[in-house]
Amino acid sequence: MTKLWPVDPAETTELLQLEQEVEIAQRDRMQRWHAELAAMGRHARYRARHQAKRRHDQALRRAIAHNALPKWITEDQLTSICKRYVKAVQREFWTGELYEVHHEIALHGLCEQSGEHIVCGLHVPENLVVITRDENRRLGATVTEDCISSFDYDPFAPSEGDGDAKCPF
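Bear in mind the structure is a predicted one, so any value in this text is a computation, not a measurement.

Criteria and cut-off values
Residues numbered from 1 in each chain as written. Predicted model: local features only at pLDDT ≥ 70, side-chain atom pairs only at ≥ 80, totals over all residues. Heavy atoms only, no water. Helix = DSSP H or I, 4+ residues; strand = E, 2+ residues; numbered from the N terminus. Buried < 20%, exposed > 50% of the residue type's maximum accessible area, 1.4 Å probe, protein only. Contact = heavy atoms within 4.5 Å. Areas by Shrake-Rupley, 256 points an atom, 1.4 Å probe, with all protein chains shown as cover. 1 Å grid on protein atoms, 1.4 Å probe; cavity = no way out; pocket = protein on both sides within 12 Å on 5 of 7 lines; lining within 4 Å. Points joined across faces, edges and corners; volume = space filled by probe spheres on them. Nonpolar A, V, L, I, M, F, W, Y, C, P; charged D, E, K, R; others polar.

**Q** Sorry, what's going on with the overall build of the protein chain here?
**A** Per the secondary structure count, the protein chain includes six helices and five strands. Listing each helix as α and each strand as β along the protein chain from the N terminus yields α-α-α-α-β-β-β-β-α-β-α. For the protein chain, buried positions account for 24% of its 169 residues. Once local pairs closer than 6 in sequence are excluded, the contacts in the protein chain between residues at least 24 apart make up 66%. Total accessible area on the protein chain is roughly 13,200 Å²; 54% of this is exposed by carbon and sulfur atoms.

Here you go:
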């Protein structure tokens, strides 16, 4: 049997040592978290343990207020959206840096130059990405002309029906 890569015992022991250090750091972080939870009151403990659900519910309310939650969204898609919020909370827990779920196409997109409302994104899994809070604040709700020109949709172009050949209207 041939080796696929050369094995250096020094590298192997170094990697194992790093792995053990990470495990110890994770164990310490979990112990501190449980101690913090034990010191909290009942309501604060609930809020701390259910951060992702609370963020998801708040985002759904905002999406409904902006009319950005499509009627055709499925339970699987809602679950996928919720998983993005769970991932953001988990990254915060392990890194100590603040994370948020960002809409790539803003729910209420503003033109970068004029500040006018020019695009509406949807609250669907394909439009969401987990990024740091600083990056999300930097991006904001502005949309550049490059972003708009990358869309294949021209609202002023003549159209033939709605694109569904099976429906006559």
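**Q** Is there a simple way to explain the layout of surface pockets in this structure?
**A** Taking a probe equal in size to a water molecule and rolling it over the atoms shows the remaining empty space. Reported here for the largest pocket is a volume of approximately 520 Å³. Around the largest pocket, the lining comprises 22 residues; the ones closest to its centre are R62, E100, V101, N136 and R137. The element that contributes the greatest number of residues to the lining of the largest pocket is strand β1 (residues 99-103), accounting for five residues. Its residues assigned to classes, the lining of the largest pocket comprises nine nonpolar, seven polar and six charged. Counted as a void, the second largest pocket has a volume near 340 Å³. Lining the second largest pocket are 16 residues, and of these W33, A48, V89, Q90 and F93 lie nearest its centre.

Bear in mind that shape data such as this cannot, by itself, settle questions of function.
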